Amino acid sequence: MYRPHYPAEAIMQYSPAGGPVSPAADRRLLVSYDNYAAAQRAVDTLSDAGFPVENTAIVGSDLRLEETVTGRLTNGRAALSGLITGAVFGLIVGLFLGLFTSATTSFFGLVLWSILWGAIAGAAFGFTSHAFTGGTRDFSSRSSIVAGRYDVLVASPMLDQAQALLQGGVQPADTVVVQRPPSAGPVTSPVAAGDTAPQASGYPATEARADEVRAEEVRAEEARDDDRAGLSRGRRP
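An account of the accompanying structure is given in this report. (Residues numbered from 1 in each chain as written. Predicted model: local features only at pLDDT ≥ 70, side-chain atom pairs only at ≥ 80, totals over all residues. Heavy atoms only, no water.)

A closer look at the packing of aromatic side chains
Describing an aromatic ring pair means giving the distance of the ring centres and the angle of the ring planes. Formally: Planes of paired rings set the category: under 30 degrees apart is stacked, over 60 is edge-to-face and the rest tilted, where pairs are Phe, Tyr or Trp rings (Trp by its six-membered ring) whose centres lie within 6.5 Å. Runs of E in the DSSP output that reach at least two residues are strands. Runs of H or I that reach at least four are helices, and both are numbered from the N terminus.
The tally for this structure, following the rule as stated, stands at four aromatic pairs. Taken together, a centroid distance of 5.8 Å and an interplanar angle of 65° make the contact between Tyr 36 and Tyr 150 edge-to-face. You can see Tyr 36 sitting in helix H1 (residues 36-48) and its partner Tyr 150 sitting in strand E5 (residues 139-155), a full 114 residues away along the chain.

The following block contains the structure:
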């Protein structure tokens, strides 16, 4: 299958500062948090210290959907919600159409009629739409997508500078640092600034264990080759 090739210059992006930024920039982990607000404050700390924040990124991982139930939903409540929505929509339409009237009385009358008909239509639509569900969803809710971990990444050449600035900044009391799993990519040395300073953990023990497993597999393969070679020599006349 033919795959078009594009030169590197054609896929370059541009930062707000005006300079080109490669989409595959070499970024290293600075710190990980369990909430977005803490990651945002970390980047804001770097920005206040004069760090070029266009070289940073906040990456959310372990995404999940959270649906919060806000209450029970009946035909009456659905009609009431539709009535309010329809009345607001009617008000907007009435104000817009009222701009084309010359008399003050006509303006207010048009706005009131728009609100009335919008409320009636909204209530009817809300009641009908909920009634057609057949009671399969008698509750109201709101959904949001959240991440289990927020990584603050920094361009490799500026990692030491970012660590020094973040170490000197004031860390929020509610900050919870999340340990990054080994599969998440390269991890740098931790940033230490008291008990509340963010830390990024390395994983030398995991790499050593992986090396041991690979060495055991190689030894087992060599042993099987030796056994097969011995059997071949024993079968010869």
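Once the structure has been displayed, the description carries forward.
Quick look at the side chain of Ser 61
Our working definition: By the convention used here, residues are in contact when the closest approach between their heavy atoms is within 4.5 Å.
Note on placement: Ser 61 falls in strand E4 (residues 56-72). Excluding residues within four positions of it along the chain, Ser 61 makes contact with Ala 147, Gly 148, Arg 149 and Asp 151.

Some details on the packing of H1 against helix H4 (residues 159-168)
Here is the rule: Axis definition: a line fit to C-alpha positions, over the contact stretch in the case of helices; interaxial angles, taken between N-to-C directions, run 0 to 180 degrees. In what follows, roughly perpendicular refers to angles from 65 to 115 degrees, roughly parallel to angles under 35, roughly antiparallel to angles over 145, and oblique to any angle outside these ranges. Put simply, Ala, Val, Leu, Ile, Met, Phe, Trp, Tyr, Cys and Pro go in the nonpolar bin, Asp, Glu, Lys and Arg in the charged bin, and everything else, Gly too, in the polar bin.
It is the contact of H1 with H4, at a shortest axis distance of 9 Å, that shows an interaxial angle of 100°. Classified by the angle their axes make, H1 and H4 are roughly perpendicular. On H4, the residues that touch Ala 42, Thr 45 and Leu 46 of H1 are Ala 162, Leu 165 and Leu 166. Partitioned by chemical class, the residues of the contact of H1 with H4 number five nonpolar, one polar and no charged.

Some remarks on the pattern of salt bridges
One side chain can pair with another of opposite charge once the charged atoms of both are near each other. Just so we agree on the cut-off: What makes a salt bridge here is a side-chain nitrogen of Lys or Arg within 4 Å of a carboxyl oxygen of Asp or Glu, nothing more. Only protein chains enter the area calculation, which uses a 1.4 Å probe; residues under 20% of their type maximum are buried, those over 50% are exposed, and those in between are partly exposed.
Considering all chains together, one arrives at four salt bridges under this definition. Salt-bridge contacts for Arg 137 lead to Glu 67; the nearest nitrogen and oxygen are separated by 2.7 Å. Of this pair, Arg 137 sits in the loop between helix H3 (104-131) and E5 while Glu 67 is found in strand E4, placing the two residues 70 residues apart along the sequence. A relative accessible area of 37% means that Arg 137 is categorised as partly exposed.

Let's talk about the packing of helix H2 (residues 75-98) against H3
To be explicit about the condition: With the far helix as reference, a near helix turned anticlockwise by less than a right angle produces a left-handed crossing, and one turned clockwise produces a right-handed crossing.
Closest axis-to-axis distance for the H2/H3 pair is 5 Å, and the angle between their directions is 150°. The orientation of H2 with respect to H3, classified from their angle, is roughly antiparallel. Seen along the crossing, H2 lies across H3 with a hand that is right-handed. Among the residues forming the contact of H2 with H3, the class breakdown is 15 nonpolar, eleven polar and no charged.

A short note on the pairing of E5
This is how it is decided: Only strands joined by at least two bridges in the DSSP assignment are considered to pair.
Both strand E3 (residues 27-33) and E5 contribute to a ladder of six bridges, which runs antiparallel. Paired with Ser 32 across the strands is Asp 151, a residue of E5. Here 15 bridges tie E4 to E5, and the two strands are oriented antiparallel to one another. Counted as the bridge partner of Thr 56 is Val 154 from E5.

Brief notes about the sheet that holds E4
The three strands lie next to each other as E3-E5-E4, forming an open sheet whose pairing is antiparallel. Only two strands of the sheet have a single partner each, and these edge strands are E3 and E4. With strand direction ignored, the average angle separating the axes of adjacent strands in the sheet is 30°.

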